[in-house]
Every structure is written in C-alpha cells, then in structure tokens.
Amino acid sequence: MTAFWTEADYDDHELVQLVRDAKSGLTAIIAIHSTHLGPGAGGTRFWHYSEPKAAMRDALRLSRGMSYKNAMAGLPMGGGKAVILADEARTKTPELLAAFGDAVEGLGGKYVTAEDVGITEADMVAVSERTRFVSGLPVEGEGSAGGDPGPFTAMGIYLGIKAAVKHKLGKDSVEGVHIAVQGTGSVGGGVARLLAKDGAQLTLSDINEERAQAMARDLGGEFVAPDAIMSTACDVFSPNALGAILDDEGIACLDCAIVAGGANNQFARAKHGAMLSERGILYAPDYVINAGGIISVAQEYLDRQQGEKGGINEVRKRIAQIPARLTQIWQESEATGVSSDVVADRMAQKLIGR
Ligand code: NAD
C-alpha cells in the first residue's frame, strides 16, 4: 500500500491526525496544512463516507483550501480542517462531540474548529465545553463578531461583483447590469437582495423552484429553470449553489462576461480555469470572493481568545478589502497571461511561505 503522504492530495501538510475513541465511537481526521500565518483554522465536517480514503482526501484538500482562503482574506490564521467519519445512521451523541472536543484541545491551539457540513451551532457549543479552540458560537452581544456567516459571505460577493463589473465593463454601478444567480439559499439569496437594491436586472434559479420564484417576484427579477441558468445571456453569472459546475460543458454554455459567485470549488478540474480564461470571461476566484464568512468566524475567535475588540466593524473592514484583492489578481492575470485562479493560488502560496 502506498503511504498517504505520497498521494496527490498530500501537500506537505504539517500534521494529519487520526482520532479514535472506541467508547464514544468517534473516528475523525484532523488535518493542519499550514500554521505559517497562525493557527490552522477551518470547520469540522460530519459526513458518512463510502470509504475512509474519501475522508482523508477531504481532510487534506479542504485544509489546504483553508490555508489559501485565510491567507488571501488577510487573516492571521493558517489552514486546517477536521472530518468526523459518521456511521451510516449518522449517530451524533454528546459523548462523541466531547471526545472530538478533547482531541481539538489536545492540539493545544494549533487547530481551531467551527461548523461545516453536518455540524450545527449547538454542536459547536457542545465541543466548546471541552476546548477553547472553537469559533462559530452564538453571538455574545451587540457589535460582536459572529453568528450566521451567510450574510457576510453574501456581502463580500456583492462587493466582488461590483468590482468585476467595474473592471470588465467599466461601470461604477450594477444598475441595469444583468446578473444570473444560481442558488437562492443563504448566500445566493443575500447576494440577490443586495444587487436588487442597486437596481441590477436579476435572473434567479434554484432547485427549490417555489422559493426562487417567490424571491424573483419580490425583487422584480425573472425566474428560470435550474437547467437554464448557466446558459442565460447576461453580464454576470453568479454561482451560489454547487461546486464543480465549471466543466467542459458548463463553460461552453456560458453566455456572460463575468463569473463571480460564492460556491466553493467551482472548477471541475484544474484545466477549467484556463479554459474559462480563453473564452475571455473574467473569473473571480471562489475562495477570494467568498471569504466574508470566514472573516466573521475568525474575528469572533480572535475577539474571544485574544481579548481583541474588533467586532463587527473589523469584519466589515476586512470584507471591504475583497474587491481590491480581486482587482490585484485580475491585473496580474492580464499582465502575465496566467488565468486568475492560478494567480490567486500563487499569491496564496507566497503568503504562506510555500
Ligand atoms: P444553502 O444550502 O443555504 O443554499 C444553497 C442553495 O442552492 C439551496 O437553495 C439549494 O436548493 C440550491 N441548489 C442546490 N443545487 C442546485 C442546482 N443544481 N441548481 C440551482 N440551485 C441549486 O447554502 P449556502 O450557505 O447559501 O451556500 C451556497 C454555496 O456557497 C455552497 O457552495 C457553499 O459551500 C458556499 N459557501 C457558503 C458560505 C456561507 O457562509 N454560507 C461561505 C463560503 C462558501
């Protein structure tokens, strides 16, 4: 059997820990990619994997992604991620969460956890009874950082779309600019509402058709069926639902000047970044434009841990820096002919000393 550290997803991660607690039934992997900029921060995923290898792959890839995302958000945080391997019935007990909390505590602050898929705020409160190295807890008071990261993510994407419209179309406002939004959940719905206030022309879609139709009516936009949103003729396509939508077929059907949205891992494969760029479409790297949520989660942690009092104002200040970072990426991409996703990766690698 090949050692896992020779596998493609292993990227000189600083630490990969297997956690087993027979009594509670906990099996988890905690991966810390880099602590160059600060503690490895990233959420915990609770998922039933078809095979353990898939859990390892997730932990390795997602923790590396967090290093890049935190670095590009200007946060004093490295990258980490935990996955809890749920059983088929997805049994989640207080004992299991306590054992997980003990494992995080055992790393002495090298890893900071929060919610991810399958983990709720109440779960994090349970984990926080065993360790201080947790974020994503209930908001402590007015002006404090924290709470649902969705609206902060949406705010960053809205500002990023405005920057893209300025850069590509030379317009100072999104008034009358046609934006097709895929996914009207926490993030996509928030983005659509902010854009509507500025008078953007909206086309919305979601597999929850009723909700998307209601939102379209509410915001004065159009609704299209989920299979029609990517080929909608528009100025900006904003993916805020699934990852891996930008594949051969997806890129070929786009009829827009800009792709800028919050969905994680939008490219099906690495080559698709260059493919999108060859079509002359401006791309806002996903982990740069969707950093608003992690900015809020990180600030909450810093305020609680280190007695900082940045609060919500500091969160807003950091989110306001997203457009400048995107513009820097696009300028570098145009100057070098390298696609914007690769430019972003290289900038992130430099920041984390790789
Ligand atoms: P959500 O579950 O609130 O919303 C997702 C929406 O997408 C749902 O309404 C769902 O019905 C819809 N959807 C699913 N498949 C679809 C399809 N094929 N076509 C159209 N719509 C579809 O999730 P969210 O928090 O809004 O997250 C959206 C994306 O943003 C995800 O990729 C997530 O990983 C990413 N993201 C979220 C945050 C955050 O703060 N919530 C931060 C960074 C990245």
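Residues numbered from 1 in each chain as written. Predicted model: local features only at pLDDT ≥ 70, side-chain atom pairs only at ≥ 80, totals over all residues. Heavy atoms only, no water.

1. Here's the deal with the domain arrangement of the protein
Taken domain by domain, the protein comprises domain 1 (4–128) and domain 2 (150–289 + 323–351). Taken over C-alpha atoms, the centre of domain 1 sits 28 Å from the centre of domain 2. Counting from both sides, the interface comprises 9 residues of domain 1 and, opposite them, 11 residues of domain 2. Carbon and sulfur atoms make up 66% of the surface buried where domain 1 meets domain 2, a total of about 860 Å² over both sides. The largest per-residue losses of area from domain 1 upon contact with domain 2 belong to Y68, K69 and M72, which jointly make up 74% of the total buried on that side. Joining domain 1 to domain 2, the criterion identifies 0 salt bridges. Our count for the domain 1 to domain 2 interface comes out at 2 residue pairs in polar contact (both at pLDDT 80 or more). (Domains from an automatic or database assignment. Contact = heavy atoms within 4.5 Å. Buried area = accessible area lost by both parts, 1.4 Å probe. Salt bridge = Lys/Arg side-chain N within 4 Å of Asp/Glu carboxyl O. Polar contact = N/O pair within 3.5 Å; in protein donor to acceptor, adjacent residues only side chain to side chain.)

2. Here we look at the sheet that holds strand β10 (residues 236–239)
Within the open sheet, the 6 strands sit side by side as β9-β8-β7-β10-β11-β12. Their pairing is parallel. Every interior strand has two partners, whereas the edge strands, β9 (222–223) and β12 (282–283), have only one. Where strand β11 (residues 258–259) meets β12, 2 bridges bridge the pair, whose relative direction is parallel. Bridging from a neighbouring strand, V259 pairs with Y283 of β12. Strand contacts of helix α5 (residues 186–197): β7 (178–182) and β8 (201–205), with the helix running at about 165° to β8, the strand carrying the most contacts. (Pairing = 2+ DSSP bridges. Helix = DSSP H or I, 4+ residues; strand = E, 2+ residues; numbered from the N terminus. Axes fitted to C-alpha atoms, helices over the stretch in contact; angles between N-to-C directions.)

3. Some remarks on the packing of aromatic side chains
All told, the structure shown has 2 aromatic pairs when counted by the stated rule. On the numbers, 4.6 Å between centres and 55° between planes, the contact of F267 with Y283 is tilted. Here F267, found in the loop between β11 and α8 (271–278), pairs with Y283, found in strand β12; they are 16 residues apart in sequence, far enough to count as distant. Take F267: its relative accessible area is 15%, and that puts it in the buried class. Above the ring of F46, the side-chain terminus of K92 is found at 5.0 Å from the ring centroid. (Phe/Tyr/Trp six-rings, centres within 6.5 Å; stacked < 30°, edge-to-face > 60°. Buried < 20%, exposed > 50% of the residue type's maximum accessible area, 1.4 Å probe, protein only. Lys NZ or Arg CZ within 6 Å of the ring centre and 35° of its normal.)

4. A closer look at the site of the ligand
The ligand sits among 19 residues. The nearest are T153, V187, D206, R211 and A241. In isolation the ligand exposes 830 Å². Once the protein is present, 71% of that is buried. Breaking the shell around the ligand down by element, the ones donating at least two residues are α4 (150–169) and α5. For the shell around the ligand, the residue count by class is 6 nonpolar, 10 polar and 3 charged. (Near = heavy atom within 4 Å. Areas by Shrake-Rupley, 256 points an atom, 1.4 Å probe, with all protein chains shown as cover. Nonpolar A, V, L, I, M, F, W, Y, C, P; charged D, E, K, R; others polar.)

5. What to know about helix α11 (residues 311–319)
Restricting attention to buried positions, one finds in α11 the residues G311, I312, V315, R318 and I319. Buried positions in α11, seen along its axis, are confined to an arc of 125° and lie on one side of it. For α11, exposure combined with an orientation more than 90 degrees from the buried face picks out N313, R316 and K317. Turning to α11, the residues buried within the fold contact α4, α10 (292–306) and α12 (322–336). (Arc of directions from axis to C-beta.)

6. Things to note about the state of the cysteines
Scanning all chains against the criterion turns up 0 disulfides. Of all cysteine sulfurs, the one in C256 lies closest to C234, which takes part in no disulfide; the gap is 5.1 Å. On the basis of relative accessibility, which here comes to 12%, the residue C234 falls in the buried class. (Disulfide = S-S within 2.5 Å.)

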